Structure formats: structure tokens, C-alpha cells
Amino acid sequence: MSLVSGPGRGGTHNQDALPDQLKLAVDQHVRYIRNLDTRKDELQYWLTEHLRLNGVYWGLTALHLLGHPEGLPRDATIKFVLDCHNIDGGFGAAPGHDSHMLYTVSAVQILATVDALPELESSKYGGKAKVADFIANLQDRESGTFAGDEWGEQDTRFLYCAFNALSILNMMDRIDVDKAVAYVKACENFDGSYGRIPGAESHSGQVFTCVGALAIARRLDLVSQDRLAAWLSERQLPNGGLNGRPEKLEDVCYSWWVLTGLSIIGKLHWIDKSKLSNFILRCQDTEHGGMSDRPGNMVDVFHTCFGVAGLSLLGYPGLRKVNPMYCMPDDVVQKLPYWHK
Amino acid sequence: MASHGVPRSATREQRSVEARQKELREIEQYQSLVTEIRQGVEKKDLSPELLDKTSALLKKNPEYYTIWNVRRLIFANEFDNLVNQVQNQHLEEDKKQSQVLDIINHDLYFLFPLLLEYPKCYWIWNHRLWLLNQGSFYLTPGGARALWDDELTLVSKMLTRDSRNFHGWGYRRTVIEKLESDELNGQSLSRAEYNYTTKMIGQNLSNFSAWHTRSRLILKILNEENADAVERKQMLDEELKLIHKALFDPYDQSLWFYHQNLMSNFDPDTCQKAMAPGLSQAEKVAYVQEEREFVEDLIEDAADSKWVYQALMDCVLIEGKLTGGLSAEMNKNVQTWLEKLKELDPLRSGRWADVQHTILRRTV
Ligand SMILES: [Zn+2]
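Residues numbered from 1 in each chain as written. Chains lettered and ligands numbered in written order. Predicted model: local features only at pLDDT ≥ 70, side-chain atom pairs only at ≥ 80, totals over all residues. Heavy atoms only, no water.

Looking at this model, I keep getting lost on the overall build of chain B. Mind explaining?
Check the secondary structure of chain B and you find 15 helices and zero strands. The C-alpha radius of gyration computed for chain B amounts to 28 Å, which surpasses the reference 21 Å derived for 364 residues by more than 25%, pointing to a less compact arrangement than a globule. Looking at chain B as a whole, 48% of its 364 residues are labelled buried. For chain B, the computed accessible surface area is about 18,300 Å², with 51% contributed by carbon and sulfur atoms. When the 46 positive and 55 negative side-chain charges of chain B are each reduced to one mean point, those points stand 5 Å apart. (Helix = DSSP H or I, 4+ residues; strand = E, 2+ residues; numbered from the N terminus. Rg over C-alpha atoms; globule rule 2.2 N^0.38 Å. Buried < 20%, exposed > 50% of the residue type's maximum accessible area, 1.4 Å probe, protein only. Areas by Shrake-Rupley, 256 points an atom, 1.4 Å probe, with all protein chains shown as cover. Lys, Arg positive; Asp, Glu negative; His and termini not counted. Charge placed at Lys NZ, Arg CZ, Asp CG, Glu CD.)

How should I be thinking about the interface of chain A and chain B in this particular structure?
Where interface size is quoted, it is often the accessible area lost as the parts come together. Residue-level contacts link 74 residues of chain A with 58 residues of chain B. Taking both partners together, chain A and chain B bury about 5,700 Å²; carbon and sulfur atoms supply 55% of that area. Among the residues of chain A in contact with chain B, A:Trp151, A:Phe190 and A:Glu234 are the three that bury the most area, contributing 14% of the side total. Here chain A and chain B share four salt bridges between them. Measuring nitrogen to oxygen at the nearest pair gives 3.1 Å for the salt bridge that ties B:Arg164 to A:Glu201. Looking at side-chain class alone, the side of chain A that touches chain B contains 26 nonpolar, 21 polar and 27 charged residues. (Contact = heavy atoms within 4.5 Å. Buried area = accessible area lost by both parts, 1.4 Å probe. Salt bridge = Lys/Arg side-chain N within 4 Å of Asp/Glu carboxyl O. Nonpolar A, V, L, I, M, F, W, Y, C, P; charged D, E, K, R; others polar.)

Just to check I follow, could you spell out helix α3 (residues 65–87) of chain B for this structure?
Three or four residues apart is the spacing at which side chains of an α-helix point the same way, because the helix has 3.6 residues per turn. Residue and element names in this part refer to chain B. Taking 1.5 Å as the rise per residue, α3 with 23 residues should run 33 Å; its terminal C-alpha atoms sit 33 Å apart, in good agreement. Residues Tyr65, Thr66, Ile67, Trp68, Asn69, Val70, Arg71, Arg72, Ile74, Phe75, Phe79 and Leu82 constitute the buried set of α3. Glutamine 89 lies just past α3 and shows a positive phi near 60°. (Expected span 1.5 Å × (residues − 1).)

I keep staring at unusual backbone geometry and nothing clicks. Help me out?
Note: most residues except glycine have negative phi, and most peptide bonds are trans. A positive phi is found at A:Cys327, a non-glycine position, where the angle reads about 50°. With respect to the secondary-structure elements, A:Cys327 resides in the loop between β1 (322–323) and β2 (328–329). Located in the positive-phi region is B:Lys44, a residue other than glycine, with phi close to 55°. By the secondary structure assignment, B:Lys44 is in the loop between α1 (17–42) and α2 (48–60). You can call B:Lys44 exposed: its relative accessible area is 69%.

So what exactly am I meant to see when it comes to α2(B) here?
Residue and element names in this part refer to chain B. An ideal rise of 1.5 Å per residue puts 18 Å on 13 residues; α2 measures up with 19 Å between its terminal C-alpha atoms. Among the residues of α2, Leu50, Leu51, Thr54, Ser55, Leu57 and Leu58 are the ones counted as buried. On its buried face, α2 is in contact with α1, α3 and α4 (93–117).

I would appreciate a short explanation of the side chain of A:Ser167 in the present structure.
Mapped onto the fold, A:Ser167 is located in helix α7 (residues 156–168). Setting aside anything within four residues of it in sequence, one finds A:Ser167 in contact with A:Met172, A:Ile216, A:Tyr326 and A:Tyr338.

In this structure, what is going on with the environment of A:Tyr125? I would like to understand it.
Residues and elements named next belong to chain A. With respect to the secondary-structure elements, tyrosine 125 resides in the loop between α5 (101–113) and α6 (128–136). For tyrosine 125, a relative accessible area of 26% translates into the label partly exposed. In the structure, tyrosine 125 is positioned 50 residues away from aspartate 75 in sequence and 19 Å away in space, judged by C-alpha atoms. Not counting chain neighbours up to four residues away, the residues in contact with tyrosine 125 comprise His85, Asn86, Ile87 and Lys130.

What exactly am I supposed to notice about the packing of aromatic side chains here?
Aromatic ring pairs are defined here through the distance separating the ring centres and the angle between the ring planes. All names here are of chain A. Per the counting criterion, the structure on display carries 22 aromatic pairs over all chains. On the numbers, 6.3 Å between centres and 55° between planes, the contact of phenylalanine 208 with tryptophan 256 is tilted. You can see phenylalanine 208 sitting in helix α9 (residues 204–216) and its partner tryptophan 256 sitting in helix α11 (residues 252–264), a full 48 residues away along the chain. Each member of the pair, phenylalanine 208 as well as tryptophan 256, is classed as buried. Ring pairing ties together the aromatic residues Trp58, Tyr160, Phe208, Trp256, Trp257, Phe302 and Phe306, which thus form one cluster. Sitting above the plane of the tyrosine 338 ring, arginine 218 keeps its charged end 4.6 Å from the centroid. (Phe/Tyr/Trp six-rings, centres within 6.5 Å; stacked < 30°, edge-to-face > 60°. Lys NZ or Arg CZ within 6 Å of the ring centre and 35° of its normal.)

Teacher, can you tell me more about the packing of helix α3 (residues 52–65) of chain A against helix α13 (residues 301–313) of chain A here?
Residues and elements named next belong to chain A. Between α3 and α13, whose axes approach to 8 Å, the crossing angle comes to 35°. Considering only the axes of α3 and α13, their crossing is left-handed. Two secondary-structure elements touch here, α3 through Gly55, Trp58, Gly59, Thr61, Ala62 and Leu65 and α13 through Val301, Phe302, Cys305, Phe306, Val308 and Ala309. (Axes fitted to C-alpha atoms, helices over the stretch in contact; angles between N-to-C directions. Left-handed = near helix turned anticlockwise from the far one by under 90°.)

Is there a simple way to explain a negative patch on the surface in this structure?
All names here are of chain B. Residues Asp237, Glu238, Glu290, Glu293, Asp297, Glu300 and Asp301 make up a contiguous surface patch of negative charge. Residue assignment for the negative patch shows that the elements contributing at least two residues are α10 (229–246) and α12 (281–299). Tracing the backbone through its elements, the reader meets glutamate 300 in the loop between α12 and α13 (306–323). On the accessibility criterion, glutamate 300 (68% relative accessible area) is exposed. (Patch = residues over 30% accessible without salt bridge, like charges linked within 9 Å, V, L, I, M, F, W, Y side chains within 5 Å.)

Here you go:
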């Protein structure tokens, strides 16, 4: 799965379209994602290898939401994921890359989406218990938060990844959930939003991870819902797109982070949904496929995934429903044993 | 991500034959470098040559996190060797220290141009922190402190270049925490940092990063200095004075968020966690009325700023909580402002409808 940007450019072929003429170019996006892995003759393909497993997750999720789960061959996908498995139980970005939380969660999400979690047991480096151990060992037992790998950087992103993967594996009992939840609460700022660590500035990416983690732990009672929703709704700019923090530019991926926060606390109606929908649609290249961060820029698979997921959350017709906590098809999440307790 | 704000460039269909061949050669060189490093690690050959190869690769691709890990393995091995030599009495302790310092300085120097070129790359910042933490571990507190002091100078320079750099502000907090720590014989720098935010706000009022940092520092200062009710009230008064001065631009949301933060001192639902939790009921009412008058004065020049109406509404709603309900007149005012908000702020009309609904329910 190539993470090279382009060849298309968002908004190139629908610049003059009136709002009611904007349509999701489903076939073009499917073709764009399917062709990503044929670009090995570009240096950028290799320079982005450190994101490969994330890329598979983004491409696969977009395809599933677009209603084309067959877009990537299932067997080859599972094989690639297992090739990224390491002896420590974690997953690296590509075969031969070191384990990190960011790729371990992608591996688990991909396998769950293609209904192949049992395949983990066939890995030579152990099954899901080993994966859960890798994740659980990254928790700082004193503060409750998580590091990304053995080298120790801590960030609520990794805490969220741990909750995401362990709840999918139904092994949340491996970690100290209460301590982690208290840590998330300590990251809340006066504006109701959240930072990477206590004291850090609010950022909508961290809203996705912190509110997502609290939702997975069933602790939304800790969220200052009105204050947070007010801050999140102010992220919408007159062009309909959303930004990550005050005075910054709009972006399709930030639109997703903000949107999930609003959706999880039941305040999606605090922004103008149809304007956002149109902003996302204006970021597609309707001929070559793919979406960009904002109209005029090069498309990539990351923004394609979050653009499609955003449209799904906004109820765009014909898309499979996305789950805002996990950014995975909702029916996949509904089937997880963790949500039947 | 790889493509934030990437404008369109030549696509691969447009590349000439020569350009394609050149790219294929580059791929080959890049891949053989990757293979050589991987083989070196497998053979546990943590040599200076391997270090040079990681340097060459990271200059091409600083996002390759596995290669940063290799670099750390090499240094950790060198530090171990030095410690062993001291234990076997083949090396003096102060020689070990100066060699450790050389290694760290050399690598900090290697990172500097990369940081300038890729200021948003997490892995470079992480690696810097790792190096500095090695300093804290292997050097005397004085020696380590000098490294962290230089780091504070560096991050200040970065924030001068880009005053909203998210990583820059986060990194600064980490550096300050280290300089304050016992392991470096530190003491609180909260006052100095508070003054730093004053300076940054003075240069650019809509620097939300600076306002945010300030909100956290104030609570820290008041706790560290065991401030009593009078001192807390003084601090609150100073902040109100500052924000009033700043609000000559009544369209700037950073300023209004900070104003809301100060208003939380008067709201019975939030005041316990605010900077001056000891205000009496009468004091709170007086403050809120003063704020309302201040905002009312702003309307004359900013009748089309939605933030003004929002602030007026907040004032009145808080006053209602403090005095046991809204007067009929105030209720009417709130309804007028809500209509104004719906008109000026159509994107968030759903929010204003919710607020209206809540107030109506409360009044009934
Ligand atoms: Zn983006």
C-alpha cells in the first residue's frame, strides 16, 4: 500500500460544481486505492515504508466503508499483517521494522475488519495473548499512561491505541484501566478539550484519542460535554471544513477527529453538517480518485480514509456505517465480545 | 502525514525516461543502505561505520523510526563500554564523563539541521530527549544541566520562528520540567515561564498556545507559592486587566476562550477548580456585573461579533445561577442575544437552539 501522495489533486475536476452536484466518486476512489501498491518504481513508495501497515488500515477501511471489501485480496492482506509481527509480540510498520504501538493497533484493526483475528494464533511469534502482553507492558504503572515502544515516548495517542486494540482482543483486564482513565482526565484543559500529556495544549487529534478512550472504557461521565462541544464546534470555518485548534487552517483529517468527538457526545448537530459534507466532497479528485487535506492539494490514502469515514458519520447515502470510536465499520465493532459484556 | 499541504507537482506519467532511470537508481541506493544497516544489526556490529550509515539514511528519511532505534542501540552500547572501562579501572570517571558528553553533543549537532528542515517530525524530537536524558543519567547534575539550559535556548529560538509550533510548546514544557527537577538540582521556573507567555502574547495576541500555557502556569504558581485568598484575587484582577486590554480586537476567539476561562471563577459549577475559589457570593456578583458592563461597551464597535453576544449571555446566565434565577428583563435580553447569535453564527445554529431550549425549560 503506497503512501505516496498524488497523482490526483483534490478539487481538480469539480471546482465549479454547485453544492447539489457534488457526488462521491466511489468507483474512482476504489480504483485509486487498489492501484496504490503498483507504485514501487517511485522513490516515495520506499521513503514512506515506515507507515505501510497504517496505510493498509487506511486503504482497507476506506474500501469497506465504500462498500468494496473485496478491493484488497483478503489472503494477501492477512499474510502482510503477519509478516510485520515481531518476536516481542508487537507489530512493525513493515517486515523488518521494529514494533510500535501505532502499527500494533493497525494490525489488530485490519484483522478484525477482515474477520481474521483467529489467524493471529498461527503467527510464529505467538497469538493474541502475546500481542496483549506487548501492549500491556507499555503501560506506565505509576501514571497509567502508555509509551509507544520500548524507547519510552508517552502520549495519550498510545493510551487510546492500547484501549482500541485490547478491547478488540477482549483483553482489557491486562491493564490498569482506572489509572489510565484518571490520566486522561488530567489531560483536560480549561476549554474542555484535551492535550497529549497533562499541561499540553488542546488539539482535536487528542480529542479523538482521549474521548475515544473514555468511550471505550465506558467513562463518558468524565467529559465536560457542553464545554468540549462548544470548543469543537468552533473548529468549523466558513468554508465548512474543520481545523485542529484555534486560528489554524481547515483539513479533512481534522474534520474527522472533531466530528468523532461531537458524535460520541451526541452533539453532531452543533456544526453545519451539509457544509462539512460539501467541503469533504470538494477535496476529492473525481477523475483519478483519492482525497486531499484541502482543495487544491495532492491526494493521499490517509485523507481518503478519513474523508470517507467523515462522510459516513455524516450519513452520506450508500456508505457503510462507520464507528466513531474505532474508525472501523460499525457492524464489525458491534460484533466484538467486549461490547456484549 | 506525508502530504499535508502538498501542491501538485509533475506526475509520474510526465517523467522523462532519464528521470525515471535516475529515480530507479536512487531507490536502489536507498534500499542497499537499508539492507546494510539491517545486516549490521543482525551481526551485532554496532560500529562507527554503522552509525555513519544510519546518519546517511536518516538525512534522506528522518521518519524511519527503526533506524533511530538502531542509533540508540549503538550509543547505549558505547555508554556501557565506557562504564565497564571505569569499573575495570581502565578509565578515569571524569574521562568517561567527557567522552559521554562528546557523544551527546556530537549527535545533538547532527540533529540540528534536521530539526530545522523537519520541525514536525516526532522522531527527531524524541531522539533529542533520549540523548538529553542519557546526559542526566551519566553526567554530574551540573554537566547535565548545561545541556538542558542550551536546549531551552534552542526551543526559544524555534518558537520565535514559529510562535504556534505545537511540538515547540510541548517540548518547552518538557525541558522546563527537567530544569525544575531534583535530579538537576532545579527549582521552580513558573514565574519566569509566566513572564515568557506575557512576552509572547505581547508579540501576537492571538497566540492561543501562549494563553493556554499561561492558564496552566497560573494555577501552578498559586499552589507553589501557597497563595492566600487576597493574592489569588490579585492575580485574577491582573489577568482581567490584561484580557480587557487585549480585547480591543473583539473578533479573536483565542482571547474569548481565555475570557471564558476567567469567568469560570464566578460560576458556582466551576469555581472550585479556578484560580480564585475563595471569592464570596457578593464578590462574584460584583465581578460578573463588571464584566457585563465591559462587554456591553464593546458592542458599540463590534455589533457583528458573535463573541460579544455569547459573552453577554454567559455573564447573565452565571449571574442568574448566583442570584437564584433570571429577571424577566434579563430573560428577554437573553432571547434577543440568542436570536442575534443564530443570525451571526449560522454554522452553529444547532448549538444555539439547544441553549435556547435549556433556558426555556429552566424558566418554565
Ligand atoms: Zn490532514
